[in-house]
Amino acid sequence: MNQQYGKEERMWAMIVHLSALVGFIIPLGNVLGPLIIWLIKKDTSPFINTHGKEALNFSITVTIYAAISYLLLIVFIGALLLIALFLFWAIFLIMAAVKANEGNDFRYPLTFRFVK
């Protein structure tokens, strides 16, 4: 465990990743959750700022991938892509939250870096 970051910083970094789960309740909540928390907490810590940008970029990227997969439902491959995308999203979301709680940085794979 990395002790250079305080417990509160690590908690908020973890929450910013897990806030994407709001997407199960609110449409586009997977983007709004990380965006709102990042905007509120980005100036309190560089660690939270870094994890917030990473979580937001990943959420935007997954939303783009999901939109493309929905379009591909017409040719029946979209259903497989949506299942694979959901598994990819869930696994890496959990990994990022754990790394943030440990005080480590995490970079999501296959992510477009919109917010720098």
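Report follows, based on the coordinates. Since the structure is predicted, the reported quantities are computational estimates derived from the model, not experimental observations. (Residues numbered from 1 in each chain as written. Predicted model: local features only at pLDDT ≥ 70, side-chain atom pairs only at ≥ 80, totals over all residues. Heavy atoms only, no water.)

What to know about the side chain of lysine 53
1) Next: Relative to the helices and strands, lysine 53 is located in helix H3 (residues 46-71).
2) Next: Excluding residues that lie within four positions of it along the chain, lysine 53 makes contacts with Trp38, Val115 and Lys116. (Helix = DSSP H or I, 4+ residues; strand = E, 2+ residues; numbered from the N terminus. Contact = heavy atoms within 4.5 Å.)

Observations concerning unusual backbone geometry
1) Next: One non-glycine residue with positive phi stands out, namely phenylalanine 76, at about 70°.
2) Next: Here phenylalanine 76 is to be found in the loop between H3 and helix H4 (78-102).
3) Next: You will see that leucine 110, though not glycine, has its phi angle at about 55°, which is positive.
4) Next: Within the secondary structure, leucine 110 is located in the segment after H4.

Quick notes on the packing of helix H1 (residues 7-18) against H3
1) Next: Orientation of H1 relative to H3, taken along the N-to-C sense of each, is 10°, at an axis distance of 9 Å. If you check the angle between H1 and H3, you find them roughly parallel. Counting all contacts with H1, which are made through Glu9, Arg10, Trp12, Ala13, Val16 and His17, the residues of H3 involved are Phe47, Ile48, His51, Gly52 and Ala55.
2) Next: Of the residues belonging to the contact of H1 with H3, the class tally is 6 nonpolar, 3 polar and 2 charged. (Axes fitted to C-alpha atoms, helices over the stretch in contact; angles between N-to-C directions. Parallel < 35°, antiparallel > 145°, perpendicular 65-115°, else oblique. Nonpolar A, V, L, I, M, F, W, Y, C, P; charged D, E, K, R; others polar.)

Examining the environment of isoleucine 60
1) Next: Looking at the element boundaries, isoleucine 60 is found in helix H3.
2) Next: Accessibility expressed as a relative area gives 23% for isoleucine 60, which makes it partly exposed.
3) Next: With 53 residues separating them in the primary sequence, isoleucine 60 and arginine 113 have C-alpha atoms 9.3 Å apart.
4) Next: Not counting the four nearest positions on each side in its chain, isoleucine 60 is found in contact with Val31 and Phe114. (Buried < 20%, exposed > 50% of the residue type's maximum accessible area, 1.4 Å probe, protein only.)

Examining the pattern of salt bridges
1) Next: Using the criterion set out here, one finds 2 salt bridges in the structure.
2) Next: A salt bridge links arginine 107 to glutamate 54, with the shortest nitrogen-to-oxygen separation between them at 3.7 Å. Here the residue arginine 107 occupies a position in the segment after H4, and glutamate 54 occupies one in helix H3, the gap between them amounting to 53 residues.
3) Next: Classification of arginine 107 by relative accessible area gives exposed; the value is 56%. (Salt bridge = Lys/Arg side-chain N within 4 Å of Asp/Glu carboxyl O.)

That is the geometry; function is a separate question.
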